[in-house]
Amino acid sequence: MTTHMGQSAFEASVVEPESATGARYCVFYGRELLLDFQSREPCLLDGGAIRFLAPEPVTRLFLGYWQGTPCYAVELDRESPLEAPQLTQGSLYHLLGRVDDALFALAGNAQQLLAWARDNRFCGRCGETMDYHTSERARTCAPCEMSIYPSIAPCIITLVSRGEELLLARNANFPGEMFSTLAGFIEVGESVEDCLRREVKEEVGVDVGEMRYFGSQPWPFPNQLMLGFFAEYSGGDIVCEDEEIAEAHWFRPDDLPTIPPRHSIAGQLIRHHVALHEGRPV
Ligand SMILES: [Zn+2]
């Protein structure tokens, strides 16, 4: 399995150490990530680098330990000017493919937890201010005892195949000529398998039979967990859903269009299938 290797570099925890000496910080200025491309780990700033950043942190969350070092997510007030010419401001997309999977996952984790903290300052049931739970990743409301945990949105992502051929689609809402696998959100009350069959049928009109789990990938845009599957075609002709799919075709492994990069699970599903059919190690 190639997905999400190296995750062991990070150990999540909500219990802050007594001393933050040597701590590293994943810093967002509003929604923009601050990056130091002089560093091997551009999204992890040290205490010295952030001490003189003018805006006060609006949120500071302990994330856990990155390679044994305490690590925090920090959101700075976007209303205050930022004086840090050595730092680049960028979205998480700037990091994709430029750092290893574990470090990218850590930055994604930081962004999602800051968004969760920002969106749950007040109790949705009674309106009181929410506190942080001392030992769990949760915000709690003392008066009504409600707890809110960070939410993730599970999605299926699937490569449909017919023998060696792959069914790939071009999304109507993304620019460029890239063809990719099919994906969709799992709905309330739906099984993973039912979701996969429904999404494939809705998006390209075909039926699938056998499905095989491949692996998963957190995808923090904004909070998906992608569950990757291979699925075998079992019938029907390609009929694209107009709003979402611009075009979809069967492709042979030796005649592929532009496909997603290998750091995405879509790219990995496609390369895995191709390698299998070419008899190469995967
Ligand atoms: Zn409440």
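The structure presented is a predicted model; accordingly, all values stated were derived computationally and were not measured.

## Here's the deal with the overall build of the protein
Of the regular secondary structure elements, the protein holds four helices and 16 strands. Each principal axis of the C-alpha distribution contributes one length, and for the protein these read about 60 × 45 × 30 Å. The buried share among the 282 residues of the protein stands at 29%. Once local pairs closer than 6 in sequence are excluded, the contacts in the protein between residues at least 24 apart make up 64%.

## Things to note about helix α2 (residues 101-119)
Over its 19 residues, α2 extends 27 Å from the first C-alpha to the last, a length consistent with the 27 Å expected when each residue adds 1.5 Å. Its buried side turned inward, α2 meets β1 (10-12), β2 (24-29), β3 (32-35), β5 (57-66), β6 (69-76) and β14 (207-219).

## Concerning the sheet that holds strand β9 (residues 139-140)
If you trace the three strands from one edge of the open sheet to the other, you get β8-β9-β10, paired in antiparallel fashion. Strand pairing shows two members of the sheet lacking a second neighbour, β8 (131-132) and β10 (147-148), which therefore form its edges. In terms of strand pairing, β9 meets β10 through two bridges, oriented antiparallel. What sits directly across from R139, in β10, is I148.

## Describing the domain arrangement of the protein
How big an interface is tends to be stated in terms of the accessible area lost upon association of its parts. Splitting the protein by domain gives domain 1 (7-119) and domain 2 (153-277). Relative placement of domain 1 and domain 2: their C-alpha centres are 32 Å apart.

## Points about helix α3 (residues 192-204)
With 13 residues, α3 extends 18 Å between its outermost C-alpha atoms, agreeing within 8% with the 18 Å of an ideal straight helix rising 1.5 Å per residue. Along α3, the residues that are buried comprise L196, E199, V200, E203 and V204. Looking straight down α3, one finds its buried side chains confined to an arc of 95 degrees; they lie on one side. Buried residues belonging to α3 abut β11 (153-162), β12 (165-171), β13 (182-185), β14, β15 (224-235) and β16 (245-251). Count one or two residues on from α3 and you reach G205, which has phi positive near 80 degrees.

## Focus on the pairing of β6
For β6, the buried fraction is high: six of the eight residues fall into the buried class. With six bridges connecting them, β2 and β6 associate as parallel partners. Of the residues in β6, the one forming a bridge with R24 is C71. Pairing of β5 with β6 involves eight bridges; the strand directions are antiparallel. The partner of G64 across the bridge, within β6, is C71. If you look at the hairpin formed by β5 and β6, you'll find two residues sitting between the two strands, and Q67 has a positive phi there, around 50 degrees.

Definitions and cut-offs
- All chains use their own residue numbering, which begins from 1 and follows the written sequence.
- Only residues with pLDDT of 70 or above have their local features reported here, since the model is predicted, and side-chain atom pairs are shown and tallied only from 80 upward, although totals for entire chains, interfaces and linings are computed over all residues.
- Comment: elements are numbered from the N terminus, with helices defined as DSSP H or I runs of at least four residues and strands as E runs of at least two.
- To sort residues by exposure, count the other C-beta atoms lying within 10 Å of each residue's C-beta; 20 or more gives buried, 12 or fewer gives exposed, and values between give partly exposed, all with C-beta atoms placed from the backbone.
- This entry defines residue contacts through backbone-placed C-beta atoms, with two residues in contact when those atoms are within 7 Å.
- The span expected for a helix works out to 1.5 Å for each residue beyond the first.
- Paired strands, as defined in this entry, are two strands with at least two bridges between them according to DSSP.
- What counts as a domain boundary in this text is fixed by an automatic or database domain assignment.
- Read the arc as the range of directions from the helix axis to the C-beta atoms.

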